[in-house]
Amino acid sequence: MVVAIGNDHTGYELKLEIIKYLEKNNIEYKDFGCGKLKTSDYPIYAKAVGRAIQKKECDLGILICGTGIGVSIAANKMKGIRAALCHDCFSAEATREHNNANVLALGARVVGPGLAVKIVDTFLNSRFSEEERHKRRIQMLEEE
Ligand code: RB5
């Protein structure tokens, strides 16, 4: 599994914590986020992560901005991207099982690093249920 990670300026510190977790667990990743900046535009990083998944360069994505909302809105405009904003482990598990979410969005100003890493761990270790009703609903998401 290769994880695409992206962040704006507000998510830089949290990204470092998540990278520590990925490295400790030997999870390959590509970093599309910004470094330590005063300001930046979150759609740039959301689209870079979305493109990596669309091109199948990466399997799953993690996006971080202040609230997680901006990056999830930006990523969800992209075909085939299902970004889920999760600030609890129940949602992180359910969105993989039911929605086959391929991007986890996090708000660095909403959750602390301890909880964020647990949410990442839950997201990456949960699987799509493959149940017909969920497949049907995901298919409907792709329709205009
Ligand atoms: C940046 O101030 C902030 O607006 C951004 O990180 C994000 O929270 C937007 O949704």
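Residues numbered from 1 in each chain as written. Predicted model: local features only at pLDDT ≥ 70, side-chain atom pairs only at ≥ 80, totals over all residues. Heavy atoms only, no water.

Draft legend 1. Looking closely at the overall build of the chain. When helices and strands are counted, the chain shows six helices and five strands. Sequence-ordered secondary structure for the chain, helices as α and strands as β, is β-α-β-α-β-α-β-α-β-α-α. Taken over the C-alpha trace, the chain has a radius of gyration of 14 Å; the compact-globule value for 144 residues is 15 Å, and the two agree within 12%. Structurally, the chain occupies a C-alpha span of about 45 × 30 × 25 Å along its principal axes. Within the span of the chain, comprising 144 residues, buried residues form 47% of the whole. For the chain, the accessible area works out to roughly 7700 Å², and carbon and sulfur atoms hold 51% of it. Both charge centroids of the chain, one from 21 positive and one from 19 negative side chains, sit 3 Å from each other. (Helix = DSSP H or I, 4+ residues; strand = E, 2+ residues; numbered from the N terminus. Rg over C-alpha atoms; globule rule 2.2 N^0.38 Å. Buried < 20%, exposed > 50% of the residue type's maximum accessible area, 1.4 Å probe, protein only. Areas by Shrake-Rupley, 256 points an atom, 1.4 Å probe, with all protein chains shown as cover. Lys, Arg positive; Asp, Glu negative; His and termini not counted. Charge placed at Lys NZ, Arg CZ, Asp CG, Glu CD.)

Draft legend 2. Main features of unusual backbone geometry. Not every positive phi belongs to a glycine, and K56 is a case in point at roughly 65°. At E130, a residue that is not glycine, the phi angle is positive and equals roughly 65°. Position of E130 among the secondary structure elements: in the loop between α5 (113–124) and α6 (132–142). With a relative accessible area of 47%, E130 lands in the partly exposed category.

Draft legend 3. Here's a closer look at the site of the ligand. The environment of the ligand is formed by D8, H9, T10, Y42, C65, G66, T67, G70 and R109. A distance of 3.0 Å separates an oxygen atom of the ligand from a polar backbone atom of G70. One of the side-chain nitrogen or oxygen atoms of R109 is found 3.4 Å away from an oxygen atom of the ligand. Of the residues that constitute the shell around the ligand, the class distribution is two nonpolar, five polar and two charged. (Near = heavy atom within 4 Å. Polar contact = N/O pair within 3.5 Å; in protein donor to acceptor, adjacent residues only side chain to side chain. Nonpolar A, V, L, I, M, F, W, Y, C, P; charged D, E, K, R; others polar.)

Draft legend 4. Focus on the nonpolar core. Of all hydrophobic cores here, the largest spans 23 residues; its most connected members are I18, I62, L106, V120 and L124. Taken together, the elements giving at least two residues each to this core come down to β1 (2–7), α1 (12–24), β3 (60–65), β5 (103–107) and α5. With 17 residues, the next largest nonpolar core counts A4, V49, I53 and M78 among its residues. (Core = buried A, V, L, I, M, F, W, Y, C linked by side-chain atoms within 4.5 Å.)

Draft legend 5. Inspection of the environment of C86 at higher detail. Along the polypeptide, C86 turns up in the loop between β4 (83–85) and α4 (89–99). Its relative accessible area of 1% is what places C86 among the buried residues. Residues C86 and L106, 20 residues apart in the sequence, show an inter-C-alpha distance of 6.3 Å. The contacts of C86, once residues within four sequence positions are left out, are S91, A92, T95, L104, A105, L106 and I119. (Contact = heavy atoms within 4.5 Å.)

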